[in-house]
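Per-entry structural report
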Amino acid sequence: MQIVIVGAGTFGASLAWSLARAGEDVVLVDQFEPGDARATSGGESRLIRCGHGADELYTASARRARALWRELEAETGEQLMVEIGMAWFAQREDGWEAESERAMAAQGIPCERLDPAEGTKLFPSLGTADLAFVLYEPEAGVLRARRAVQALVRQAVAHGAKRVRGRAVPGGDTTVITASGGNANDAAAAGGAAPGARLFVRGEWLEGDAVVWACGPWLGRLFGDLVPLTVTCQELLFFDGGPAWRSPGVPGWVDYDLAMYGTGDLDELGVKAALDKEGPPLDPDADLPAAGATEPDVRAYLARRFPALADAPLKEGRCCRYELSADSNFIAARHPEHERTWIVGGGSGHGFKHGPALAERVAHALRGGEPLPERFGLGQRAAGRSFRTAGSGVR
Ligand SMILES: Cc1cc2nc3c(=O)[nH]c(=O)nc-3n(C[C@H](O)[C@H](O)[C@H](O)COP(=O)(O)OP(=O)(O)OC[C@H]3O[C@@H](n4cnc5c(N)ncnc54)[C@H](O)[C@@H]3O)c2cc1C
């Protein structure tokens, strides 16, 4: 089977690795080099955790992904996942964290309920006045995101995948036409749309039995109402907490109800802290703006949760894009009119870790195996509870 994959973020690169190592004939197209900061999978780190409230599918998917990331590490000899552990700060006895605890226990995934006083042992300083308990996932941690995507692509190529640099445009049926940095007009100039799963790249047509579009924030522009995504600008802030805040040692954390998350200082990047409230809209092709707008909110949070960091110097701020589906479920489905075209995306701020596990599902479906979950379908969806954080903001 020949499969053309457009998009080498965590979803497309994982699929390329999965299919190429299974012996399939893979062509992987991207407009950028793997790990580019303009893609949602760019950046240094992403949390990997199994807690997803009561949701069994994402809980199991994250656990499966952990095993697959380990397989990638074994192939490359690189440490891509660092199990620094992760603390969920629960303000309620019966909220997201309690649901996560039950779902993880049912699947045999290690997690411990700590009373707030025990929770203080995990961090150099921790404000616990509002906490009912802390749920600790010892095998959660951080993926070195940019390096992980680069490793996926490198290993896909090592297993025989062909890489193509260029911008693709859907043109009729399952046709894909690319021209470096181009658009639909370039595509027409290059020969126009043609039937079949074909790809025109710098004078060469490539054939595919399937074309998978894993184009992150660009999917909405490519497929319109079939993929209704909101693309937003999100900030990541890194603070200088000094040696006491280094990870491993200090775990990652998520405050689901307050829409905040972060990690200790991994790889001397600084203590990462981010407000997870949806940011302002940002066009997929717009330059990433300078970060800093969320600093007052993040500092207010740090003063409350990690008092020792209240005045920590800001080392760096970065912006990147979320591509949010209305219910924060992923998108992975066959095109309704073009049976060889598939669409994969909608990471919704929690997709990175799942890359290899989602790829495994998509690979089965492409080969005619188990269909993809209905909730990953195309088209409009009703709003739903977020699998990221409550998104309500700290104030
Ligand atoms: C600030 C932030 C924090 C996050 N934190 C976490 C976290 O802690 N844990 C977690 O699991 N997830 C997290 N996420 C979410 C996760 O990073 C995303 O869900 C995931 O990276 C999406 O990957 P993707 O492959 O769908 O998209 P992308 O990484 O954007 O990849 C899409 C690729 O398609 C290419 N492309 C698009 N259009 C075309 C075209 N026409 N032709 C050729 N190439 C094209 C792009 O160049 C790009 O490389 C976070 C995201 C952000 C922004």
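Here, every reference points to the structure presented above.
Worth saying up front: this structure is predicted, and the values here are computed from it rather than measured.

A few points about the site of the ligand
- The local shell around the ligand holds 34 residues, among which Asp30, Ser41, Leu47, Ala168 and Lys353 are the closest.
- In the model, an oxygen atom of the ligand is placed 3.2 Å from a nitrogen or oxygen of the Gly351 main chain.
- Protein burial of the ligand: of its 1,000 Å² of free accessible surface, 98% is covered by the chains.
- Listed by contribution, the elements that provide at least two residues to the shell around the ligand are helix 1 (10-21), strand 3 (45-48), strand 10 (167-170) and strand 20 (314-324).
- Per-element accounting of the shell around the ligand gives the leading share, 4 residues, to strand 20.

Some thoughts on unusual backbone geometry
- Residue Ser247 is joined to Pro248 through a cis peptide bond whose omega torsion reads -5°.
- Of note, Pro248 is situated in the loop between strand 16 (246-247) and strand 17 (252-255).
- The phi torsion at Ala259 lies on the positive side, around 55°, for a residue other than glycine.
- What makes Ala259 buried here is its relative accessible area of 0%.
- In this structure, Ser328 is a non-glycine residue whose phi angle is positive, near 65°.
- Residue position: Ser328 is located in the loop between strand 20 and strand 21 (331-334).

A short note on empty space enclosed by the protein
- Scanning all chains against the criterion turns up 3 cavities of 30 Å³ or more.
- Here the largest cavity defines a volume of roughly 50 Å³.
- If you tally residues by element for the lining of the largest cavity, the top one is helix 2 (residues 56-76), at 3 residues.
- Here the residues of the lining of the largest cavity are counted per class, giving 6 nonpolar, no polar and 5 charged.
- Looking at the lining of the second largest cavity, the elements that each hand over two or more residues are strand 2 (25-30) and strand 9 (162-165).

Structural notes on the packing of helix 1 against helix 9 (residues 355-366)
- At their nearest, the axes of helix 1 and helix 9 sit 8 Å apart, and the two run at 60° to each other. Our classification of the angle between helix 1 and helix 9 gives oblique. Pair helix 1 / helix 9 crosses with right-handed handedness. Facing helix 1, whose interface residues are Thr10, Phe11, Ser14, Leu15, Trp17, Ser18 and Leu19, helix 9 presents Gly355, Pro356, Leu358, Ala359, Glu360, Val362, Ala363 and Leu366.

Structural notes on the layout of surface pockets
- In this model, the second largest pocket occupies a volume close to 240 Å³.
- Around the second largest pocket sit 18 residues that line it, and Leu324, Ser325, Ala326, Asp327 and Ser328 are the ones nearest its centre.
- Tallied by class, residues from the lining of the second largest pocket come to 5 nonpolar, 9 polar and 4 charged.

Thoughts on the packing of helix 1 against helix 2
- Contact geometry of helix 1 with helix 2 gives a least axis separation of 13 Å together with a crossing angle of 65°. On the basis of the axis angle, helix 1 is roughly perpendicular to helix 2. When the axes of helix 1 and helix 2 are compared, the crossing they make is left-handed. Residues Thr10, Trp17 and Arg21 of helix 1 form the contact with helix 2, whose participating residues are Leu68, Trp69, Glu71, Leu72 and Glu75.
- For the contact of helix 1 with helix 2, the class distribution of residues is 4 nonpolar, 1 polar and 3 charged.

Remarks on the packing of aromatic side chains
- This structure, assessed with the given rule, holds 18 aromatic pairs.
- Plain terms: the ring middles of Trp253 and Tyr301 are 5.5 Å apart, the flat faces sit at 20° to each other, and that makes the pair stacked. With a gap of 48 residues between them, Trp253 in strand 17 and Tyr301 in helix 8 (residues 295-305) connect regions that are remote in the sequence.
- The class of Trp253 is buried, set by a relative accessible area of 1%.
- Within the aromatic cluster, the residues linked to one another by ring pairs are Phe89, Phe123, Trp245, Trp253, Tyr301 and Phe306.
- Arg305 extends its terminal NZ or CZ atom over the ring of Phe89, reaching a point 5.1 Å from the ring centre.

Structural notes on helix 8
- By the burial criterion, the buried members of helix 8 are Asp297, Val298, Tyr301, Leu302 and Arg305. For helix 8, the angular spread of the buried residues around the axis is 135°, confining them to a single face.
- Looking at the packing, one finds that the buried side of helix 8 touches strand 5 (86-90), strand 15 (230-239), strand 17, strand 18 (260-266) and strand 19 (271-275).

What counts and how
Residues numbered from 1 in each chain as written. Predicted model: local features only at pLDDT ≥ 70, side-chain atom pairs only at ≥ 80, totals over all residues. Heavy atoms only, no water. Near = heavy atom within 4 Å. Polar contact = N/O pair within 3.5 Å; in protein donor to acceptor, adjacent residues only side chain to side chain. Areas by Shrake-Rupley, 256 points an atom, 1.4 Å probe, with all protein chains shown as cover. Helix = DSSP H or I, 4+ residues; strand = E, 2+ residues; numbered from the N terminus. Buried < 20%, exposed > 50% of the residue type's maximum accessible area, 1.4 Å probe, protein only. 1 Å grid on protein atoms, 1.4 Å probe; cavity = no way out; pocket = protein on both sides within 12 Å on 5 of 7 lines; lining within 4 Å. Points joined across faces, edges and corners; volume = space filled by probe spheres on them. Nonpolar A, V, L, I, M, F, W, Y, C, P; charged D, E, K, R; others polar. Axes fitted to C-alpha atoms, helices over the stretch in contact; angles between N-to-C directions. Parallel < 35°, antiparallel > 145°, perpendicular 65-115°, else oblique. Left-handed = near helix turned anticlockwise from the far one by under 90°. Contact = heavy atoms within 4.5 Å. Phe/Tyr/Trp six-rings, centres within 6.5 Å; stacked < 30°, edge-to-face > 60°. Lys NZ or Arg CZ within 6 Å of the ring centre and 35° of its normal. Arc of directions from axis to C-beta.

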